[in-house]
Amino acid sequence: MGQAKVKQLRAKTCYLCGKPLQGPTSADHVPPKLFFPETKGLDLLTIPAHPGCNLSYQLDEEYFVHTLLPMTKGSAAGDAQHVRVRRKMDAGKNVALVNMVMDEFKHVVKGVHLPATRVAKLIDHARFFRVLWKIIRGLHYHHSGVILPEEWGMRYWITARYEPPEEFFKMYAESGREVIHGAYPKVFSYFFDRFKPENLNMQYWGFHLWDSIIITAMFHDPTCGCEDCQFVGPQFPEAMAGTIKIPR
Ligand SMILES: [Zn+2]
Ligand SMILES: [Zn+2]
């Protein structure tokens, strides 16, 4: 796509809903502003969006940050975030949310007792997915001018500090392919790449949050023409050989 066309599209379309931008627009932060313990003097990436579309993510973004925060303790950026949340809690904000997140740490998962030193973190998949996908859509739009669909399938992996990352990431990191983006890497940095194995067209994204958590995500590019991507609805099996089809 030509630069001029990309710019034109950028000015006219809301990347969240894909509809024309008319009337008042809001500057949507990608990643969310609340990722940053302090935003004064920072030059953050924003993308114009409908105020309503932007606002509809706000609570899920709060959840996203709070649910990851306990995994960041010990890193400078993570600790700064803890201080910010503590301040907000002292001011009476977010208490319910923080309590809910702390409840997500369980010593017993599906009847299995974990060793005393380990707790499992349960995550509200729908909320987490929604925010991660929004960030990817925003950055994808920023880099290419192409809006990814609002509803899409994606696999993701969350790696806490000192834990080994998923297999593909290890291979990928060794390949030397990754190009790191992000003006404030202590808080947020990322890479993205494409793979075209056989007849697939895959995107692979990685994020480093608060200098402590790695999130990787993989999904089929919308232009992928593989069997799964062409699947448009339920298909009914052919009648088995030897069975009789009853005419209607
Ligand atoms: Zn919109
Ligand atoms: Zn596909």
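Right, let's walk through the structure included here.

What counts, and where the lines are drawn
Residues numbered from 1 in each chain as written. Chains lettered and ligands numbered in written order. Predicted model: local features only at pLDDT ≥ 70, side-chain atom pairs only at ≥ 80, totals over all residues. Heavy atoms only, no water. Helix = DSSP H or I, 4+ residues; strand = E, 2+ residues; numbered from the N terminus. Expected span 1.5 Å × (residues − 1). Buried < 20%, exposed > 50% of the residue type's maximum accessible area, 1.4 Å probe, protein only. Salt bridge = Lys/Arg side-chain N within 4 Å of Asp/Glu carboxyl O. Contact = heavy atoms within 4.5 Å. Donors = N, O, S within 2.8 Å, 3.2 Å for Na, K, Ca; no water.

Before going further, it helps to examine helix α6 (residues 125–144). The first and last C-alpha atoms of α6 sit 27 Å apart over 20 residues, in line with the 28 Å expected at 1.5 Å per residue. Within α6, 14 of the 20 residues are buried, leaving the element largely enclosed by the surrounding structure. Downstream of α6 by one or two residues, G145 has phi in the positive range, about 80°.

This structure, assessed with the given rule, holds eight salt bridges. For D60, the salt bridge goes to R130, with nearest N and O atoms at 2.7 Å. Here R130 lies in helix α6 and D60 lies in helix α3 (residues 58–68), a separation of 70 residues in the sequence. Judged by its relative accessible area of 12%, D60 is buried. Among the ionic pairs, D193 bridges to R177, the shortest N-O distance being 2.9 Å. Of the two residues, D193 is situated in strand β9 (residues 188–195) and R177 in the loop between α7 (167–175) and β8 (181–184); the sequence distance between them amounts to 16 residues.

Once that is clear, we can look at the environment of L34. Within the element layout of this structure, L34 appears in the loop between β1 (26–29) and β2 (46–49). Sequence separation of L34 and R84 is 50 residues, and the distance between their C-alpha atoms is 9.7 Å. Ignoring anything within four residues of it in the chain, the contact list for L34 reads E61, E62, V65, Q81 and R84.

In this structure, C14 (SG), C17 (SG), H50 (ND1) and C53 (SG) serve as the protein donors to the zinc ion (ligand 1), at separations of 2.1 to 2.4 Å. Binding-site remark: the zinc ion (ligand 1) is held by donors from one chain whose sequence spacing is C-x2-C-x32-H-x2-C. Placement of C17 in the loop between α1 (3–12) and β1 and of H50 in the loop between β2 and α2 (51–55) is noted, with a sequence separation of 33 residues between them. Judged by relative accessible area, which is 24%, C17 ranks as partly exposed.

What follows concerns helix α4 (residues 76–90). An ideal rise of 1.5 Å per residue puts 21 Å on 15 residues; α4 measures up with 21 Å between its terminal C-alpha atoms. Just downstream of α4, G92 is the residue with a positive phi angle, here 90°.

Keep in mind these numbers describe shape, not what the thing actually does.
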